[in-house]
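Residue-level structure breakdown
Next come the chains, spelled out residue by residue.
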Amino acid sequence: MATTTLRRMDVQQAADDLRHRTLSEIPRSLDRLIYLASMRDYNTGLYYHDGLASRFTQEVACEALADCHHEAFRQLVGCSLQGLVGQMEAYMDSTHTNPVEFLATWKRLEPYRVAVPVETDPLSVEFLFSSFKIALAILEARLAPQRVALAA
Amino acid sequence: MIQLIPFMFVGVLLVFSLFFLMRRKPRARAEGGTEVLVEARQALNVLQAGLLPQELVGRIFAKEDLDYVLSEALPSVHKLFLEERKKTALSWVDQVRHQILSLRRFHLGSARFYARLSMRTEMELALAFAALLFECRLLQALLYVKGPYAAPGMVGSTAAAAARLCKISEASLDFLNPSHLNTLGSPSAGQARP
């Protein structure tokens, strides 16, 4: 029991460390979600962060990353549609990709599907995916007049 | 001899009743079985942590999202938005209904073994379950026909009624909490508080 409590305290400390050192540099929850998903091994579902693991242990680092991933997911689910569209637009700009290509790829590959943490409730996941779909449609519709103007 | 006929009739009826009772399939879950308890606990967790939190329900049915989409003045997006929100809203009601059915199974079959509920409480619970399940069906129909923003008040009342039933079920399942597990070895095990 005491070991579990101590371990939980370590995880909280590690999560605070991660928030303070790394996540504070990533202001948007969408970016944080994608960043934290990239820290996860697709085959094992375990998270890896060398810096955090060296300060704590691999297990503690893994749990802290998972906690922060869940946190970013919850924040994104709680975000309004307008907020989500804004975050997606900002993320798209930050990638310096052609917006048309970006939107086409996101619509086709739906990369957000692999960005959600495990053990999240299915309805929240369904809702977020649905919101992504709508946000992509809004961004695409906004781009349409620009494309027509460019073509003309 | 004629006086024997009613007795013979009753006897035949009893034999038939016994025959049908023997042939009846055993219930999938034994009353008071752990499977029902686990299912009820899971249903409670899903409802309280996943389906009923105000943040999620508020987001799914948020009018501000509709206003935002309308302000963008994009007819194709408006249609997609309403379709997507309707799908999610229907999924929400369906999942709430499904979990409430699990809780009702627990109350019908097992709760009386673990929680000393009075007859009156049991009747009130039965009515509350029936009313909520009916409300879920009605809400599903409304959302299906009129869309996700058809009955905001009913969404709130359904969520509130489900939350109330969760509280009652939680009290009935209270004996599963680790703090009460040490009482399992005592002679009163299996007779948890209501």
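Residues numbered from 1 in each chain as written. Chains lettered and ligands numbered in written order. Predicted model: local features only at pLDDT ≥ 70, side-chain atom pairs only at ≥ 80, totals over all residues.

Details of the overall build of chain B
- On a plain count of helices and strands, chain B comes out with nine helices and zero strands.
- Mapped in sequence order, the helices and strands of chain B form the string α-α-α-α-α-α-α-α-α.
- Look at the contacts in chain B between residues 6 or more apart in sequence, and 81% of them connect residues 24 or more apart. (Helix = DSSP H or I, 4+ residues; strand = E, 2+ residues; numbered from the N terminus. Contact = placed C-beta atoms within 7 Å.)

Considering the overall build of chain A
- Across its full length, chain A carries seven helices and zero strands.
- Along chain A, from the amino end to the carboxyl end, the secondary structure elements read α-α-α-α-α-α-α.
- The principal-axis extents of the C-alpha atoms in chain A amount to approximately 70 × 30 × 30 Å.
- Here chain A holds 152 residues, and 32% of them are scored as buried.
- Within chain A, residue pairs in contact and separated by at least 24 positions form 77% of the contacts whose partners lie at least 6 positions apart. (Buried ≥ 20, exposed ≤ 12 C-beta atoms within 10 Å, placed from the backbone.)

Regarding the interface of chain A and chain B
- Counting residues at the interface gives 16 residues for chain A, matched by 25 residues for chain B.
- Every element with two or more residues in the side of chain A that touches chain B is listed here: α5 (81-94) and α7 (122-151) of chain A.
- Residue contributions to the side of chain A that touches chain B peak at ten residues, all from α7(A).
- Of the residues that constitute the side of chain A that touches chain B, the class distribution is eight nonpolar, five polar and three charged. (Nonpolar A, V, L, I, M, F, W, Y, C, P; charged D, E, K, R; others polar.)

Digging into helix α7 (residues 119-146) of chain B
Residue and element names in this part refer to chain B.
- Helix length check: α7, at 28 residues, gives a terminal C-alpha distance of 40 Å against a target of 40 Å (1.5 Å per residue), a fit within 8%.
- Among the residues of α7, those classed as buried are L125, L132, C136, L139 and L143.
- On the buried face of α7, the contacting elements are α5 (75-109) and α8 (152-172).
- Positive backbone phi, approximately 95 degrees, marks G147, located one or two places after α7. (Expected span 1.5 Å × (residues − 1).)

Focus on the nonpolar core
All names here are of chain A.
- Residues A14, A64, L65 and A135 are the most contacted members of the largest nonpolar core, which totals 70 residues.
- Examining the composition of this core, we find that eleven residues originate from one element, helix α4 (residues 58-77), more than from any other.
- Setting aside residues up to four positions removed in sequence, L65 forms contacts with L18, L36, M39, Y47 and H49. (Core = buried A, V, L, I, M, F, W, Y, C linked by C-beta atoms within 7 Å.)

Considering unusual backbone geometry
Residue and element names in this part refer to chain A.
- The backbone of E110 shows a phi angle near 45 degrees, a positive value even though the residue is not glycine.
- Looking at the secondary structure, you find E110 in the loop between α6 (99-109) and α7.
- Unusually for a residue other than glycine, E119 sits at a positive phi of about 55 degrees.
- A count of 8 C-beta atoms within 10 Å places E119 in the exposed class.

Some points on the environment of A:R32
Residue and element names in this part refer to chain A.
- Within the secondary structure layout, R32 lies in helix α2 (residues 29-38).
- Residues R32 and Q13, spaced 19 residues apart in sequence, show a C-alpha to C-alpha distance of 19 Å.
- Apart from residues lying up to four places away in sequence, R32 is in contact with L23, I26 and A72.

Observations concerning the confidence of the model for chain B
Residues and elements named next belong to chain B.
- Looking at chain B, pLDDT values average 81 and 79% of them are 70 or higher.
- Per-residue pLDDT, averaged within each element of chain B, yields its smallest value for helix α9 (residues 178-181) (57) and its largest for helix α4 (residues 63-72) (94).
- Confidence over residues 184-194 falls short of pLDDT 50; this stretch has 14 contacts with residues more than four positions distant or in other chains.
- We note a pTM of 0.79 for the whole complex and an ipTM of 0.86 for its interfaces. (pLDDT = per-residue confidence, 0-100.)

Digging into the packing of helix α2 (residues 34-51) of chain B against α5(B)
Residue and element names in this part refer to chain B.
- At a closest axis distance of 9 Å, the pairing of α2 and α5 adopts a crossing angle of 145 degrees. Here α2 runs over α5; the crossing is left-handed. Seen from α2, the contacting residues are V36, E39, A40, A43, L44, V46, L47 and L51; seen from α5, they are W92, Q95, V96, Q99, S102, L103, R105, F106 and G109.
- When grouped by side-chain class, the residues that make up the contact of α2 with α5 number eleven nonpolar, four polar and two charged. (Axes fitted to C-alpha atoms, helices over the stretch in contact; angles between N-to-C directions. Left-handed = near helix turned anticlockwise from the far one by under 90°.)

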